[in-house]
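Geometric and topological summary
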Amino acid sequence: MGNCSQGCKDYFSRQKNTNIRLTLPVVCFVWQIAMIILFGVFIRYDEESDAHWVETKAHDNITSDIENDFYFRYPSFQDVHVMIFVGFGFLMTFLKRYSFGAVGFNFLIASFGLQWALLMQGWFHSLDPQTGKIFIGIESLINADFCVAGCLIAYGAVLGKVSPVQLLVMTLFGHSLGYYGLSISRVLYRPNLHQSKRMQGSVYHSDTFAMIGTLFLWMFWPSFNSAITDHGDGQHRAVINTYLCLASTVLTTVAISSLSQKTGKLDMVHIQNSTLAGGVALGTAAEFMISPYGALIVGFFCGIISTMGYIFISPFLEKTLKIQDTCGIHNLHAMPGVIGGIVGAITAAAASESVYGKQGLINTFDFTGDFKDRTVLTQGGYQAAGMCVSIVFGVVGGAIVGSILKLPIWGDPADENCFDDEVYWELPDEEEEHQESIPPILEYNNHMIHKQQDLSESNFSVEHCES
Amino acid sequence: MGNCSQGCKDYFSRQKNTNIRLTLPVVCFVWQIAMIILFGVFIRYDEESDAHWVETKAHDNITSDIENDFYFRYPSFQDVHVMIFVGFGFLMTFLKRYSFGAVGFNFLIASFGLQWALLMQGWFHSLDPQTGKIFIGIESLINADFCVAGCLIAYGAVLGKVSPVQLLVMTLFGHSLGYYGLSISRVLYRPNLHQSKRMQGSVYHSDTFAMIGTLFLWMFWPSFNSAITDHGDGQHRAVINTYLCLASTVLTTVAISSLSQKTGKLDMVHIQNSTLAGGVALGTAAEFMISPYGALIVGFFCGIISTMGYIFISPFLEKTLKIQDTCGIHNLHAMPGVIGGIVGAITAAAASESVYGKQGLINTFDFTGDFKDRTVLTQGGYQAAGMCVSIVFGVVGGAIVGSILKLPIWGDPADENCFDDEVYWELPDEEEEHQESIPPILEYNNHMIHKQQDLSESNFSVEHCES
Amino acid sequence: MGNCSQGCKDYFSRQKNTNIRLTLPVVCFVWQIAMIILFGVFIRYDEESDAHWVETKAHDNITSDIENDFYFRYPSFQDVHVMIFVGFGFLMTFLKRYSFGAVGFNFLIASFGLQWALLMQGWFHSLDPQTGKIFIGIESLINADFCVAGCLIAYGAVLGKVSPVQLLVMTLFGHSLGYYGLSISRVLYRPNLHQSKRMQGSVYHSDTFAMIGTLFLWMFWPSFNSAITDHGDGQHRAVINTYLCLASTVLTTVAISSLSQKTGKLDMVHIQNSTLAGGVALGTAAEFMISPYGALIVGFFCGIISTMGYIFISPFLEKTLKIQDTCGIHNLHAMPGVIGGIVGAITAAAASESVYGKQGLINTFDFTGDFKDRTVLTQGGYQAAGMCVSIVFGVVGGAIVGSILKLPIWGDPADENCFDDEVYWELPDEEEEHQESIPPILEYNNHMIHKQQDLSESNFSVEHCES
């Protein structure tokens, strides 16, 4: 390659880089086998999903099967599941030629992530001290899907710029706040990304596909925010709050989007993303007694802030902080997430017995035996502190993972091949031949005009014509 | 503009008309702020979504959280929610270049409409006389979504011919029967709509997108018809009836559609729409003891009538009554709605204690204390009368709202710009560039052939070539 | 037609063959009317969906409406319903020009099939001996949807090669194992199918549409496998097992797909289909105590076997056994189905009281009074024998039905018109005109370049240009 021109060098570097025929299968196999072994050692059915439940039930004086936690949470679980696989997957199909990568890698990450999350959450939160086992039930599956959402948000920041192997590594160290993805994207900054500019936009149908993702996320966010809240009024209230908050977000998103263009035209990027900000922002406080109008107010401001983020902050982040955030997760997840943390902390700090009732306070804030002297104010403080710790972890963790991903072994695309499914997918022939019988000469011409692949031939004919 | 030719006038008038940069944000902001204030004054959580429920529950001798109304209705609610946002939204994406408007404005209308519906329904049906408040729970959310469906049906009649501002005004006076939309469409009659003829058809992919809408509506219609019926056998029966009725509709729709073409080919318009007519027609009677075969019979005739409506009545309505009904809501909602009213009235009038049992009669027809002397026959009469009142309200209300929408301040498109997303949306560049390295001369040529925007250049080159 | 050239003969034969204007409406009407009559004679609401339930409930000491079977199963039912109509329908839209047929005929078959299945299942499994009636409730609807799935799998084998009338006949004799479809496809072998080669691939957007089907099938398969299992821990466990099994399948599918290509690129066919194999394989054993890691292991091997099936076995089947299996149902349904049968038989045979508990054993394997002496080992034997009988029935049944479908009366397409919606659907004009004002000369040129229909004109101009 010593005598090679720049174009030739690029060609070889790309060829070398993006071959993942070894790394991807190895990572998939090794990790899946590791999962099987670790599940064999650690994971068991919990009481309510074990065939012995009939005895537990009798012991707990449960009279009907319908009181199995499964029936409280399964509809919400399936909604969350749709959000993870169809919602996040299709939301990212907006790029003109990255739909396979968007939906397909989303599918891969989430499938690995949910297994890994069951282990991680078990080890850190629910390892049974006596048996050393992790007992899983429907609530564990929901929590696993929640963890996966964090990884998919991070994917949104680096969409089109990383290989599936890198995505699996990112998922291994996944973190639930958007700052993790932004931090990785910062470390992986590509100064020559403009070379893929032609691929970075959407086309009409890809934007329509993306709306499938948007709508399933939007519709099922009430299930997301209520899936693991308290049985009864807790789940009921979380749904009402999220439903109202999201409705309000849509109106202010449309308003700001229309204001941002000379003739008031709407921008699909805003409609696809900012309309969801209200759901993110209620993540913490959905179950609280924030009142229906309180939910509307949160949504009102989230629509404004998120849309303005797309208009003003995203270009600033790219130019000044060198964060290339493909899906704008800063505007959809990071900022609204922080707002949500603040709303949650304030509402928790303001909680009073007159609003919640004594038992309501206990149910909502988990004031069980151990936490007896943790008052609502300290609860608010804890939540605020938790959010700060979470941001720091996200940024630092992202920086470390980003550095690992800079190693030249992961098969990531060259700067001029980003946002292109061609790199990791066998693409179908694009010619839609529905004519029944085309005479040879026309067939030939048609072929050239539409595909322009045999460049010399084609070039010749054009010059011939123009001379 | 004194010296302006007709074409030039059109150009300026269009430019002037469709600028909604002022009106749309103002309407969105003002209405959303009004919602926040009115919700602050009127809307509160109901007993089952309030943190005090634990006390209410004890008082009512409820032993398990699972008896919260939330668990009876939440799965149906989410299905209805999907129908509203994905079902109606995607059903209207069939036009070749109005997918953004179909899904996006549907999203906007529904988001405002559900808030407004919570207030309207509260004021008229469930205002608590003591506190002057409206108490909301999961059933209120379902009812709000139902109201929104009415507005979206009306949108179907004027799809592609109105501005989002006009749609928000329509929603303010929304009415749940299809005649409201038809009446508005009549008042807004455009004699020169043929100038948009080129945009009024579908393309292959837009028809496939529309089938997403059709199928989610079709699959979840059993949830729609059972969402607020009585707990237990009421919901159970409403699901069975709707499920069977819709299956029957599909077969007769296919039969008539095939009959209507010379070689028996099927028409996507019929499959997308008429297959749903059975669900509409069972709207009133789904919970009644109409028997499984009764449900099949209703579906049988609805498929025939609705498909024939698309073939014969829609052209008649447009030519004779000057009703330009973009989605054919007359055939999908108005006619089947009337059939449904009649079926409901007859079945109610025919209800007997031997079929329902004494308690069943009370449960199904809400014969509570106050209505003690309302017999099944009067019940049937009431339902028939209610339907007539509803039609009259729809037609008159539509005429009034239509007149308001004729004012030249709403930014609606010119006759030659209907059914075109270009008017209200920033559209993506349509060039799908997936070639890796195109020589400049070809790139240039390719650009011209596919986009033809720089007209003089392009024109020149063609003439150059042809000379 | 005596003097007719081959091309002319083909033209006439195709014209004659594919006209279904008589057969399709007749079959639809006759069968739907038969359904109405048979439902009138046989089908009634069951106890829990009848208005008299209030009395039954009191008799059975049921205290709350929530114990109606409806609330145990309705969320799962709706998920299954989505799998049938959106899942199977969109999974088959991958062909470039058969989306209407995929979604539309899927819709037709399923709508007829579910009615027919209610009758068939009733006659063979649940006919009430005293009244001679079939009593239906939510579980019947789920079982009907299950039966329909079998017919839709068979459709996958013959996709694009049969007429809707043939599909309705296939559904009449439908059988739930993939071998039925394969057997029909063998009998209908088309030696000249290569004449439709140009239509047999996918295009970019059609593959994206197919992913909608894949994902909805994948996400809701836990509901499919748990929909009719035992209340309580049974449903709970079936969901956990299927969820884990499917996640594992995705990773091994990706691994093998990547291994199969020179540069490790992924193949959409594998991602769309083989990722689902784990769900099929757990069809029998999902409810059993196979342990979370057991579920992962099943998924692990299914992903490998199914993907290798697409790479190695499908070409073999086509060349050697002359089975043209459009969707590869052998790899997605037949093989994993057999694996599932074996897994089920082994797990059943290995079931012990220490793992299930006494009552758990009774609940899971339905060891009720009559079956008291059927031990777990015999249960395993029964399941293995059942599977063998099922395969034989599928193959023989398919051969018979295939022979019937060879009669020249069903309007199936000619070999050169397979996989083409043109044959049975009114297709929209493909021109997407979103330019606002194109000068006539350019408009004309544009028209020619894009559509090339007026062949002589177009041909002339090209020659003119090249001379």
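Residues numbered from 1 in each chain as written. Chains lettered and ligands numbered in written order. Predicted model: local features only at pLDDT ≥ 70, side-chain atom pairs only at ≥ 80, totals over all residues. Heavy atoms only, no water.

Chain A is annotated in an unreviewed UniProt entry as Rh family C glycoprotein of Hucho hucho. Per its UniProt entry, chain A bears the Function (unreviewed entry) comment "Functions as an ammonia transporter. May play a role in the elimination of ammonia in the gill." (UniProt positions renumbered as here; feature names shortened; annotations may be inferred.)

Further remarks concern the overall build of chain A. Each helix and strand in chain A was counted, giving 19 helices and two strands. By residue count, 64% of the 467 residues in chain A fall in the buried class. Considering only contacts in chain A between residues 6 or more positions apart, those separated by 24 or more positions represent 79%. Working note: accessible area of chain A is about 16,500 Å², and carbon and sulfur atoms make up 61% of it. (Helix = DSSP H or I, 4+ residues; strand = E, 2+ residues; numbered from the N terminus. Buried < 20%, exposed > 50% of the residue type's maximum accessible area, 1.4 Å probe, protein only. Contact = heavy atoms within 4.5 Å. Areas by Shrake-Rupley, 256 points an atom, 1.4 Å probe, with all protein chains shown as cover.)

Membership of the largest hydrophobic core comes to 439 residues, with the highest contact counts inside it found for A:Ile212, A:Phe216, B:Ile212, B:Phe216, C:Ile212 and C:Phe216. Those residues in contact with C:Phe216, other than ones at most four positions away along the chain, are A:Val82, A:Val86, A:Phe216, B:Phe216, C:Val82, C:Met83 and C:Val86. (Core = buried A, V, L, I, M, F, W, Y, C linked by side-chain atoms within 4.5 Å.)

With that settled, the discussion passes to helix H16 (residues 358-365) of chain C. Note: α-helices contain 3.6 residues per turn, so residues at a spacing of three or four share the same orientation. Among the residues of H16(C), those classed as buried are C:Gly360, C:Leu361, C:Thr364 and C:Phe365. All buried residues of H16(C) project into a common sector of 100° when viewed along the axis, lining one side. In the core, the buried residues of H16(C) are packed alongside helix H3 (53-59) of chain A together with helix H10 (233-259), helix H14 (329-350), helix H15 (353-356) and helix H17 (376-405) of chain C. (Arc of directions from axis to C-beta.)

A separate point is the interface of chain A and chain B. Across the boundary between the two partners, chain A contributes 90 residues, which contact 92 residues of chain B. When the buried area of chain A at its contact with chain B is split by residue, A:Tyr204, A:Tyr243 and A:Leu251 rank highest and sum to 11% of it. One can count one salt bridge joining chain A with chain B. One salt bridge in this structure joins A:Lys265 and B:Glu422, with 3.4 Å as the shortest N-O distance. (Buried area = accessible area lost by both parts, 1.4 Å probe. Salt bridge = Lys/Arg side-chain N within 4 Å of Asp/Glu carboxyl O.)

Time to look at the relation of the copies chain A and chain C. For the pair chain A and chain C, the best superposition has an RMSD of 0.0 Å and corresponds to a rotation of 120° with a translation of 0.0 Å parallel to the axis. In symmetry terms, the pair is related by a three-fold rotation axis. Scanning chain A for the C-alpha nearest the rotation axis identifies A:Pro75, at a separation of 3.5 Å. Taken as a fraction of all interface residues of chain A, those also at the interface in chain C reach only 15%, which identifies the copy contact as different-surface. (Least-squares fit on C-alpha atoms with pLDDT ≥ 70 in both.)

On to the side chain of C:Arg190, then. Residue and element names in this part refer to chain C. Following the sequence through the fold, Arg190 ends up in the loop between helix H8 (178-187) and helix H9 (204-226). Given a relative accessible area of 8%, Arg190 falls into the buried group. Setting aside residues up to four positions removed in sequence, Arg190 forms contacts with Lys161, Gln324, Asp412, Pro413, Ala414, Asp415 and Cys418.

Least-squares fitting of chain A to chain B yields an RMSD of 0.0 Å, with the superposition described by an axial translation of 0.0 Å and a rotation of 120°. When the interface residues of chain A are mapped onto chain B, a mere 16% of them again fall at the interface, so the copies present different faces.

This next bit is on a nonpolar patch on the surface. Residue and element names in this part refer to chain A. On the surface, Phe173, Val392, Val395, Val396, Ile400, Ile404, Leu407 and Ile409 cluster together into a nonpolar patch covering about 680 Å² of accessible area. Among the structural elements, Ile404 can be located in helix H17 (residues 376-405). Among the residues examined, Ile404 registers a relative accessible area of 30% and is labelled partly exposed. (Patch = residues over 30% accessible without salt bridge, like charges linked within 9 Å, V, L, I, M, F, W, Y side chains within 5 Å.)

The next point concerns helix H17 (residues 376-405) of chain B. All names here are of chain B. Between its terminal C-alpha atoms H17 stretches 42 Å, which fits the 44 Å expected from 30 residues at 1.5 Å a residue. Buried within H17 we find Val376, Gln379, Gly380, Gln383, Met387, Ser390, Gly394, Gly398, Val401, Gly402 and Leu405. The inward-facing, buried residues of H17 abut helix H7 (164-172), helix H8 (178-187), helix H14 (329-350) and helix H16 (358-365). (Expected span 1.5 Å × (residues − 1).)

A separate point is the packing of aromatic side chains. Counted by the stated rule, this structure contains 72 aromatic pairs over all chains. For the pair A:Phe85 and C:Trp218, a centre-to-centre distance of 4.5 Å together with 45° between the ring planes defines the contact as tilted. Here C:Trp218 lies in helix H9 and A:Phe85 lies in helix H4 (residues 69-91), a pairing that spans two chains. Note on accessibility: A:Phe85 and C:Trp218 belong to one class, buried. Ring plane angle 55° and centroid distance 5.8 Å describe the contact between A:Phe300 and B:Phe29, whose orientation is recorded as tilted. Of this pair, A:Phe300 sits in helix H13 (residues 292-319) while B:Phe29 sits in helix H2 (residues 23-42), which puts the two residues in different chains. On the basis of relative accessibility, which here comes to 8%, the residue A:Phe300 falls in the buried class. Between the NZ or CZ atom of B:Arg97 and the centre of the ring of A:Tyr204, over which it lies, the distance is 4.0 Å. (Phe/Tyr/Trp six-rings, centres within 6.5 Å; stacked < 30°, edge-to-face > 60°. Lys NZ or Arg CZ within 6 Å of the ring centre and 35° of its normal.)

A few words on the interface of chain A and chain C. Listed by partner, the interface residues are 92 residues for chain A and 89 residues for chain C. For the pair chain A and chain C, the summed buried area comes to about 8,000 Å², and 70% of that belongs to carbon and sulfur atoms. The largest contributions to the chain A side of the interface with chain C come from A:Arg21, A:Tyr45 and A:Phe107, which together make up 9% of the buried area. Here chain A is connected to chain C by one salt bridge. For the pair chain A and chain C, the interface holds 26 residue pairs in polar contact (both at pLDDT 80 or more). Looking at the side of chain A that touches chain C residue by residue, the class counts come to 50 nonpolar, 23 polar and 19 charged. (Polar contact = N/O pair within 3.5 Å; in protein donor to acceptor, adjacent residues only side chain to side chain. Nonpolar A, V, L, I, M, F, W, Y, C, P; charged D, E, K, R; others polar.)

Residues and elements named next belong to chain C. Mapped onto the elements, Asn106 comes out in helix H5 (residues 99-126). Within the structure, Asn106 has its side chain in polar contact with the backbone oxygen of Ile84 (distance 3.1 Å). Other than its neighbours up to four places away in sequence, Asn106 contacts Ile84, Phe85, Phe88, Gly89, Met92, Gly101, Leu152 and Tyr155.

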